[in-house]
Amino acid sequence: CKADVEELLLYRDLVPLLEEALGKFSTRDTEEVIQSVRTAVPLSKHSGFMLLMPTYMEKDAVLCTKFVCMYKREEGSTLPAVNATVVLLDPERGNVKAVMDGEVITAMRTAAVSAISSKLLMDPGAEVLTILGTGTQALSHYNVFTEMFSFKEVRVWSRSIERAESFVRSLKGPVTVSSSVEEVVRGADVIVTVTRCTEPILMGRWVKPGAHVAAVGACRPDRRELDDTLMKEAVVYVDSREGAMAESGDVILSGAEIFAELGDVINRVKPALRNKTTVFKSLGMGIEDAVPAKLIFDKWKAKSSSL
Ligand SMILES: NC(=O)C1=CN([C@@H]2O[C@H](COP(=O)(O)OP(=O)(O)OC[C@H]3O[C@@H](n4cnc5c(N)ncnc54)[C@H](O)[C@@H]3O)[C@@H](O)[C@H]2O)C=CC1
Ligand SMILES: O=C([O-])C1=[NH+]CCC1
């Protein structure tokens, strides 16, 4: 259940394992990772869609799939935008070993991957972090970024200043809020976009040269968070080239060139151009769920056998 996942999944364990897995994925060695572009099932009647994300890691003996549904929520709805379930199987026999709540896994692994992109691509002297959005992903990104890095200033944007203020009250440290995107992104060294918007909200002309943008929302081919100027002027990194070409509106509709996968940087086959403006376009991948699922299962088993 959600509480077990929250207890067992820690960023300090998850981040190094995800970094290793992203590197394995980018080798395209099928003995390391088999993970095709996920299946998307549109649920037009309900303004939503379901994604199926199977993954097999032969050498790590991990067989896993996630089902995740994304729904458009009415303003003020308390229902989560993301409903996810992770199923871990025994690769020897194909039987189900565990069914896990996927909400916390999705929130934490997505934020952890954005933090890895920032570790690799931001200016090492980065001082100002801006988060656009105040939902589930905004919180997990705030948590891992403040755990891993020492920003001097954190800024948060929401369309509604009341929502931004209420979000900030739930956080530990000092945070500046605004309902102007331009105001919060001007001068920021790292910008995280975690919204459900469908049109660009982040304009390249506001972004400081050399900044790093972790773009997490807009995960369908017709959705955008970033404008063409930013997509074309920045060096674009992705989690998966095939995934980005199939699913990212920011990549497809801008015609921007993909420079590398994060795994290519981890494997040192492509450089981390920290002095340039960089965008990491995140879409989410099955391995990012398979890794925490195995970690949680192994910890849960160890805990149960010690009782
Ligand atoms: N890249 C990845 O691996 C993943 C990406 N996502 C995406 O991240 C985004 C955020 O997900 P959650 O935090 O779970 O959602 P959420 O519903 O908890 O938060 C969404 C935020 O976007 C804001 N928002 C909604 N419509 C907007 C609009 N038209 N313009 C500007 N802001 C708007 C909301 O006020 C809220 O602050 C979604 O687009 C989701 O699809 C989610 C999970 C994984
Ligand atoms: O990877 C993921 O779980 C998701 N990506 C977009 C919505 C959910």
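A short tour of the structure in this document, coming up.

Conventions we followed
- Residues numbered from 1 in each chain as written.
- Chains lettered and ligands numbered in written order.
- Predicted model: local features only at pLDDT ≥ 70, side-chain atom pairs only at ≥ 80, totals over all residues.
- Heavy atoms only, no water.
- Near = heavy atom within 4 Å.
- Polar contact = N/O pair within 3.5 Å; in protein donor to acceptor, adjacent residues only side chain to side chain.
- Areas by Shrake-Rupley, 256 points an atom, 1.4 Å probe, with all protein chains shown as cover.
- Helix = DSSP H or I, 4+ residues; strand = E, 2+ residues; numbered from the N terminus.
- Nonpolar A, V, L, I, M, F, W, Y, C, P; charged D, E, K, R; others polar.
- Domains from an automatic or database assignment.
- Axes fitted to C-alpha atoms, helices over the stretch in contact; angles between N-to-C directions.
- Left-handed = near helix turned anticlockwise from the far one by under 90°.
- Contact = heavy atoms within 4.5 Å.
- Phe/Tyr/Trp six-rings, centres within 6.5 Å; stacked < 30°, edge-to-face > 60°.
- Buried < 20%, exposed > 50% of the residue type's maximum accessible area, 1.4 Å probe, protein only.

## With respect to the site of ligand 2
As a structural note, the neighbourhood of ligand 2 is formed by Arg38, Met53, Lys66, Val68, Met70, Thr106, Arg109, Cys219, Leu283 and Gly284. Between ligand 2 and lysine 66, the relevant distance is 2.6 Å, taken from an oxygen atom to a side-chain nitrogen or oxygen of the residue. In this structure, leucine 283 approaches ligand 2 through a main-chain N or O atom, which is 2.9 Å from a nitrogen atom. Notes on ligand 2: free accessible area 250 Å², of which the protein chains cover 92%. If you list the elements that add at least two residues to the shell around ligand 2, you get strand S3 (62-71) and helix H3 (103-121). Here the element with the most residues in the shell around ligand 2 is S3; it accounts for three residues. When its residues are assigned to classes, the shell around ligand 2 shows five nonpolar, two polar and three charged. Both domain 1 (2-105 + 287-305) and domain 2 (107-284) contribute no fewer than three residues apiece to the shell around ligand 2.

## Observations regarding the packing of H3 against helix H11 (residues 286-305)
Remark: H3 packs on H11, axes separated minimally by 10 Å, with the N-to-C direction vectors making an angle of 115°. H11 is crossed by H3, and the crossing has right-handed handedness. Across the interface between the two elements, Ile105, Thr106, Arg109 and Val113 of H3 pack against Glu288, Asp289, Pro292 and Ile296 of H11. Considered class by class, the residues forming the contact of H3 with H11 number four nonpolar, one polar and three charged.

## Some thoughts on the packing of aromatic side chains
All told, the structure shown has four aromatic pairs when counted by the stated rule. Taking 5.9 Å as the distance between ring centres and 70° as the angle between the ring planes, the aromatic pair formed by phenylalanine 149 and phenylalanine 151 counts as edge-to-face. Using a relative accessible area of 13% as the deciding quantity, one classes phenylalanine 149 as buried. Where tyrosine 237 meets phenylalanine 259, the ring centres are 5.6 Å apart and the plane angle is 75°; that geometry is what we call edge-to-face. Within this pair, whereas tyrosine 237 is found in strand S11 (residues 235-238), its partner phenylalanine 259 is found in strand S12 (residues 258-261), the two being separated by 22 residues in sequence. Take tyrosine 237: its relative accessible area is 0%, and that puts it in the buried class. One aromatic cluster is present, built from ring pairs that chain together Phe145, Phe149 and Phe151.

None of the figures reported here should be taken as evidence of function without further support.
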